[in-house]
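# Coordinate analysis (summary)
The primary structure of each chain is shown beneath.
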Amino acid sequence: MAVVGPVIVKLLLSLVLLWLNFNSSLPLTQASKWESWKHRYPFIKAASSFSFSSSSSSSSSSSSNVGSQKANYDYIIVGGGTAGCPLAATLSQKFSVLLLERGGVPFANTNVSFMQNFHISLADTSPSSASQIFVSTDGVFNSRAKILGGGSCINAGFYSRASSSYIKKAGWDSKLVNESYPWIEKQIVHKPNLAPWQRAVKDGLLEVGISPFNGFTYDHVYGTKFGGTIFDRSGRRKSAAELLTSANPEKLHVLVHATVQKIEFDTSGKKPRAVGVIFKDENGNKHKAFLSKRRGSEIIVSSGAIGSPQILMLSGIGPKKELEKLNIPVVLDNKFVGKGMSDNPLNTIFVPTDRPVEQSLIQTVGITKMGVYIEASSGYGQTEDSIHCNHGVISAEIGQLSTVPPKQRTQEAIDVYKRNKKNVPQEAFRGGFILAKIATPLSTGKISLKSTNIDDIPSVTFNYFSHPRDLKRCVNGIRIMEKLVKSKHFNNYTQCDKETLDKLLNISVQANINLIPKQTNDTESLEQFCKDTVLTIWHYHGGCHVGKVVTSDYRVINVHRLRVIDGSTFTESPGTNPQATLMMMGRYMGVQILRERLGRAAGL
């Protein structure tokens, strides 16, 4: 280990540099092709268009409110993300649905639509970006989706189901689960075009004992496999937003750039009853939307692991002391809202090659019995322009300062890094990543409000590696990656002799991947390596756990007509990558809710 530790530290290039600095472009003619989305989704409108006349036929009230007329819906869904879109599409088959999404549409956004622009989307910090960057209090860069389709618009596209044991633990009806997954798959999931890098990683995983080889499958099974992807054969993304084509356009009303500020309650009874929401449009004007008085109508929060607990707290549901500090009227004291947040730690190594490598996002995965998943990606080559330019505040120029305490990070240090970066040759960025993700971390944290402004991302803490078992599993993952890099199959593919490899490593930038002060005098310890180089794989979850904030059918405890349906209810992330199960969950719960109101209907 004394030799391997420093080697891995040198191998670890700046993910922030590589992932945020990718430079590519698409002809305008390609982007214009997708303007036809308006014809496929006539029910999607700007939030400023909201009025009584634009609501569904079931609306029955026309009294005025803040900035618009009042409209009543059977369901108001707060958040048009990975779970919210299939949920809205399903509920609209029988009832009027208002879906409110704070971001824009993905269909004409080339950063979202095309695989080669994956990194640009994550790097974009403009107001119209599909992703919203934040840094947890742990010092790890992270992203939150801000677009119709949610995380399925900014992720690496990998599609893999949850395990049967996960489904059983969640208490889901396995028959309905096995009907809901295919509903997603038939519409937006594809078998990937396997890249050479992915095949090499597959061969290496099998050589080091991550067996058997399970081929191409959506199922979560031990061994090595290829999974599905939401990128089609031409590299175009099919996000959860495209599941809205299955909606009843007469009963679905989708508003984009509609930022819900709070849920309103009737508190005259024994338990608070959700009655409507207040949201602002793209011009900053406020509107109200209300639920129908029909029995069974509900507000459903699907704003993700950060957004859902944040909205509950801003609406007065949460820890009483925390709400009172911000003068938020307490509707229901629940100390568990925002607690139990967890993120799956990721550690990675970059393996350089002596030639360009075809781009691939996640396609191969090794599912181990140690509680670690091994994945791979490749082909993030840099252009000279990209290497030589300044990439803004959330880039390696900032990550470079991770070796010193935050208050000592100076502009001078940033400038030194930018000068050094220009000396890095383009060939240093040829190669791919091997990733090790901890499957079920035991370390947990919380989110807490910074202000009453919905646009302010809450303070988020994950407490990476605070539980010793997580650290042990990380070390196991690093050792698997060590073996994989040294494996015969993999080494034959990379074809990097020692002289070439040493040259590239010696002139490569130091790892600049987070804002955690490094223990540079202890690089031989794999435990310290895990702590120093921890990243996110964007699979954070929790904050509205079942049994503490919501019931087993996702109703908010001690509140009428309010549910939370998204990853904030998870105690662990399903499968190797959660998007398949989040989309399934939206469909599954939509069907369950319809059955509650209508009984079992044929074809659902």
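In this text the structure is predicted, and so the values were computed from the model without any measurement. (Residues numbered from 1 in each chain as written. Predicted model: local features only at pLDDT ≥ 70, side-chain atom pairs only at ≥ 80, totals over all residues. Heavy atoms only, no water.)

### With respect to the UniProt feature "binding site: FAD" (unreviewed entry) in the protein chain
Condition: UniProt positions are given in the numbering used here, feature names are shortened, and annotations may be inferred rather than shown by experiment. Numbering of helices and strands starts at the N terminus; helices are DSSP runs of H or I of at least 4 residues and strands are runs of E of at least 2. Any two residues having at least one pair of non-hydrogen atoms within 4.5 Å are treated as being in contact. A simple rule labels every residue: compare its accessible area, found with a 1.4 Å probe on the protein chains alone, to the largest value its type can have, and call it buried under 20%, exposed over 50%, or partly exposed in between. In the analysis that follows, any N or O atom pair within 3.5 Å is treated as a polar contact, provided that within protein one partner can donate a hydrogen and the other can accept it, and provided that, for residues neighboring in sequence, both atoms belong to side chains.
Here, the residues flagged by UniProt with the feature "binding site: FAD" (unreviewed entry) are Glu-101, Arg-102, Val-260, Trp-538, His-539, Gly-567, Pro-578 and Gln-579. Within the secondary structure, Val-260 is located in strand β12 (residues 259-266). What Val-260 contacts, discounting residues up to four positions off in sequence, is Val-78, Leu-100, Val-277, Ile-278, Phe-279 and Ile-454. Inspection of the secondary structure puts His-539 in the loop between β25 (535-536) and β26 (562-564). In this structure His-539 comes out as buried when scored by relative accessible area, which is 8%. Discounting chain neighbours no more than four positions away, the residues touching His-539 are Ser-342, Asp-343, Asn-344, Lys-437, Ser-573, Thr-576, Asn-577 and Pro-578. Here the side chain of His-539 touches Ile-537 through a polar contact of 3.3 Å, landing on its backbone oxygen.

### Quick word on unusual backbone geometry
Look at the link from Ser-211 to Pro-212: it is a cis peptide, with omega at 5°. For Pro-212, the position within the fold is in the loop between α10 (196-207) and β8 (213-216). A positive phi angle, near 65°, is found at Phe-465, a position not held by glycine. By secondary structure assignment, the location of Phe-465 is in the loop between β24 (459-461) and α16 (468-486). The class for Phe-465 is buried, based on a relative accessible area of 8%.

### Side note on the environment of Ala-123
Examined against the element boundaries, Ala-123 turns out to sit in helix α7 (residues 118-123). When the C-alpha atoms of Ala-123 and Ser-143 are compared, they prove to be 9.6 Å apart, with 20 residues separating the residues in sequence.

### A short note on the packing of aromatic side chains
To be explicit about the condition: Here a Phe, Tyr or Trp ring, Trp counted by its six-membered ring, pairs with any other such ring whose centre lies within 6.5 Å, and the pair is stacked when the planes are under 30 degrees apart, edge-to-face when over 60, and tilted otherwise. Distance and angle both matter: a charge sits over a ring if NZ of Lys or CZ of Arg is within 6 Å of the ring centre and within 35 degrees of the ring normal.
Considering all chains together, one arrives at 15 aromatic pairs under this definition. Taken together, a centroid distance of 5.2 Å and an interplanar angle of 75° make the contact between Tyr-159 and Tyr-218 edge-to-face. On the criterion of sequence distance, the pair formed by Tyr-159 in strand β7 (residues 158-159) and Tyr-218 in the loop between β8 and β9 (223-226) is long-range, its members being 59 residues apart. Both rings, one in Tyr-166 and one in Phe-570, keep their centres 6.1 Å apart while their planes meet at 85°; by these two values the pair is edge-to-face. Note that Tyr-166 is positioned in helix α8 (residues 164-170) and Phe-570 in the loop between β26 and α20 (579-598), a separation of 404 residues in sequence. Side by side, Tyr-166 and Phe-570 carry an identical accessibility label, which is buried. One aromatic cluster is present, formed by Phe-134, Phe-462, Tyr-464 and Tyr-540 through successive ring pairs. Positioned above the aromatic ring of Phe-213 is the side chain of Lys-202, whose terminal nitrogen or guanidinium carbon lies 4.9 Å from the ring centre. Over the ring of Tyr-222 we find Lys-369; its NZ or CZ atom is 5.3 Å from the centre of that ring.

### Comments concerning the sheet that holds β9
Stated precisely, the cut-off is as follows: When DSSP finds at least two bridges between two strands, those strands are taken to pair. With axes taken as lines fitted to C-alpha atoms, and helix axes fitted only over the stretch in contact, angles between N-to-C directions fall between 0 and 180 degrees.
A sheet is described by the order of its strands in space; here 7 strands give the open sequence β8-β9-β20-β21-β22-β19-β25, paired in mixed fashion. The open sheet has two edge strands, β8 and β25, and neither has a second partner. Strand direction decides the pairing type here: β8 and β9, joined by 2 bridges, are parallel. The residue bridging Phe-213 from the neighbouring strand is Thr-224, located in β9. Packed onto the sheet, α10 meets β8, β9, β19 (345-352), β20 (364-367), β21 (372-378) and β22 (431-438) and runs at close to 150° relative to β21. Packed onto the sheet, α16 meets β19, β21 and β22 and runs at close to 150° relative to β22.

### Structural notes on the pattern of salt bridges
Under the convention used in this document: We define a salt bridge as a contact between a side-chain nitrogen of Lys or Arg and a carboxyl oxygen of Asp or Glu at a distance within 4 Å.
On inspection of all chains with the given rule, the structure shows 15 salt bridges. The salt bridge involving Glu-185 is made with Arg-161; its shortest N-O contact spans 2.9 Å. Of the two residues, Glu-185 sits in helix α9 (residues 174-188) while Arg-161 sits in the loop between β7 and α8, which places them 24 residues apart along the sequence. The exposure classification of Glu-185 matches that of Arg-161, with both residues buried. Across the pair Glu-596 and Arg-555 runs a salt bridge, and its minimum N-O distance is 3.1 Å. Placement of Glu-596 in helix α20 and of Arg-555 in the loop between β25 and β26 is noted, with a sequence separation of 41 residues between them. Beyond isolated ion pairs, a larger network of salt bridges with shared partners links Glu-298, Asp-553, Arg-555, Arg-563 and Glu-596.

### Some points on the sheet that holds strand β23 (residues 445-448)
Within a sheet, neighbouring strands are paired by backbone hydrogen bonds and run either parallel or antiparallel to one another. Pairing in this open sheet of 3 strands is antiparallel, and the strands run β18-β23-β24 from one edge to the other. Only two strands of the sheet have a single neighbouring strand rather than two, namely β18 (339-341) and β24. On average, adjacent strands in this sheet sit at an angle of 35° to one another, irrespective of strand direction. As defined by bridge partners, β18 adjoins β23 across 2 bridges and the pair is classed as antiparallel. Looking at the pairing, Met-341 lines up with Gly-445 of β23. The sheet strands contacting helix α11 (residues 304-314) are β18, β23 and β24, and the helix crosses β23 at an angle near 50°.

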